[in-house]
Amino acid sequence: MRGSWFVAFGLGALVLYALLAACNMFWGDLNQDEGWYLYTAGLVRDGHVPYRDFAFTQGPVMPYAYAWAYRWVDRWGVLGGRFFTAVLGGLAALGAVWLAGRVAPPGQRAAAGLLALMLLAGNVYQSYFTTVVKTYALSSLWLVAGLVALSYTAGRVRAAAAFAAGVLLALSAGTRLSAGAALPVAGLFLLLQRRRLGHAPWLLFGIGATLTLAGMALPFAWCAPEGFRFGLLEYHSARAPGSLQQLLVFKAGFVSRLVQAYFFPLLLGAGLLGLRWIAPAEKAGPVSSAPGVPEPMAPALWITVLAITLVHLSAPFPYDDYQAMVFPVFAAVLAAALVRYVAEARAGAAGATIVAGARCGDPWMAWLLALVFAGSLFSAFSSPINQDWFVLGRDRIWWRLKKQSSLQKVRDVGAWLGKNSRIGDVLLTQDTYLAVEARLPVPLGMEMGPFSYFPDMPTDRARRLKVLNRELLVEQLAGAPASLAAFSGYSLAIRSPEVAPLTAGEQADLWARVKQRYQEFCQVPDFGQAHTVLRLFRQRPRQSGETP
């Protein structure tokens, strides 16, 4: 392949990546998590402490990272948070390119990196979930960076690389707990390599990881032990799938949706396995990774992907989008495996060594790059997410088109609420992305949005954990200093920690209490996540003689 064609494929992949990120940034559907993740980051920026001053159910790294970038949220609202997330996702993708080059054989590093970039660039699903404000982009960045550092533990900088790998992988776990599965895999990998690498790498890895985990956990375990334990352990373990049949359905659904979301990369992986079994390539010479890379690095990456996937699958309600954080690692190790197979096949046919075998300029490698680039383009074009940018859904035989993007609608409503609220007001809402756009606080206990209502929790404990039980929610509905209220279909509808729907009677009682104090004056159709109806309320004038 001529250099110009290689450059053209690289530029094409970069343009595709940037284009899909921009489309998802401006037109991607809203997610409730975006609101309360950004809202809690704003609280941290203002000096509040997670688990002590507000409830939080992920590791502490994300709110502090987003607090650092909150000036973008101050300026652009949710769009600013999406921009920062897209930057993190882009850095994780570049890390995957680097990682693929590290584990590919010499002579194929550039091709492996380009293949990894293509696999990431053409996946609209991956682009969406590393652009909207979720934990995945940040956790993926730490994960990939830690594995890149791990790949240098056989070189001259092995001590520093091992320590950095421990720190970075611990930060990934501190962003999203499931990423912690990478820590024992990497530690065991270095321990098994101690005869070749010495004892320093695995010891320094353990020291880096331990110090980082302790630095993240101990301050919160000291100042808010109950809230820290509840947010990271009790909240997640309280959900139960129900019967065995329901459990199996959820697990099968996870696998099915995962295959749908990552069909082309998984197809390539299955095809490679088939070729390895049916037509194994002859190894005409030594096959090694880049200098300084521990030789079994690629198997360690596969095991890391598998370990994190099994953790996700073991969740009572496994969501396929959890895999967005580990897909860059999968793309990197798959890309390296593909170029390795082509290099082995080409070198074996020519009777040459791998180093002198297929490179980017070889026709075999050119066809592989062309195939993956074409497949990525078709995959991007065929994603059902593309339709969601512009279409609300189907009404019998008619497609319902959006009059404006979901993001723009929340920006418009939030700006109106902020402009028409009184000084000192809070916004009575469980749709916290509205509070972010309105630049208004929500009542104490509502920071987690629709997941902040624990109706059966004792009042004393709910106060300590900074959530709402029934008594505290009724108090807020009756007395929060809010002249305006906004409730979508997610509001006053979910009980935690089960994340189950409230009964019709419970919802009717809460709505009756809202209407005692507030008067509905507007409805906004097709609002926010799942395009429910947003109902806007204004506080009723006080009757004469009524106690303020």
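Residues numbered from 1 in each chain as written. Predicted model: local features only at pLDDT ≥ 70, side-chain atom pairs only at ≥ 80, totals over all residues. Heavy atoms only, no water.

## Quick notes on a nonpolar patch on the surface
- A surface patch of nonpolar side chains, amounting to about 410 Å² of accessible area, comprises W76, F83, V87, L91 and L94.
- Looking at the nonpolar patch, the element that brings in the most residues is helix α5 (residues 78-103), giving four residues.
- By the element assignment, L91 lies in helix α5.
- Taking relative accessible area as the criterion, L91 reaches 42% and is therefore assigned partly exposed. (Patch = residues over 30% accessible without salt bridge, like charges linked within 9 Å, V, L, I, M, F, W, Y side chains within 5 Å. Areas by Shrake-Rupley, 256 points an atom, 1.4 Å probe, with all protein chains shown as cover. Salt bridge = Lys/Arg side-chain N within 4 Å of Asp/Glu carboxyl O. Helix = DSSP H or I, 4+ residues; strand = E, 2+ residues; numbered from the N terminus. Buried < 20%, exposed > 50% of the residue type's maximum accessible area, 1.4 Å probe, protein only.)

## Some points on helix α12 (residues 200-223)
- Taking 1.5 Å of rise per residue, the 24 residues of α12 would be expected to cover 34 Å, and the 34 Å separating its terminal C-alpha atoms lies within 8% of that figure.
- By the largest-angle criterion, A217 marks the main kink of α12, which is about 30°, and a proline, P219, follows within four residues.
- Among the residues making up α12, those that are buried are P201, F205, G208, A209, T212, M216 and F220.
- Of the surrounding secondary structure, the elements contacted by the buried residues of α12 are α3 (61-68), α9 (158-175), α10 (182-192), α11 (194-197) and α13 (225-237). (Expected span 1.5 Å × (residues − 1). Bend = angle between axes of the 7 residues up to and from the residue. Contact = heavy atoms within 4.5 Å.)

## Examining the packing of aromatic side chains
- Counted under the stated rule, the structure contains 36 aromatic pairs.
- Relative to F84, the ring of W68 has its centre 6.2 Å away and its plane inclined at 50°; by these criteria the two rings are tilted. With a gap of 16 residues between them, W68 in helix α3 and F84 in helix α5 connect regions that are remote in the sequence.
- Looking at W68, the relative accessible area reads 56%, which means it is exposed.
- Ring geometry for Y125 versus Y262: centroids 5.5 Å apart, planes at 80°, classification edge-to-face. (Phe/Tyr/Trp six-rings, centres within 6.5 Å; stacked < 30°, edge-to-face > 60°.)

## Comments concerning the environment of N469
- Mapped onto the elements of the fold, N469 is located in the loop between α22 (459-465) and α23 (470-479).
- We classify N469 as buried; its relative accessible area is 3%.
- With 26 residues separating them in the primary sequence, N469 and R495 have C-alpha atoms 9.5 Å apart.
- Once you skip the residues sitting within four places of it in the chain, N469 turns out to touch Y453, F454, P455, M457, P458, T459 and A462.

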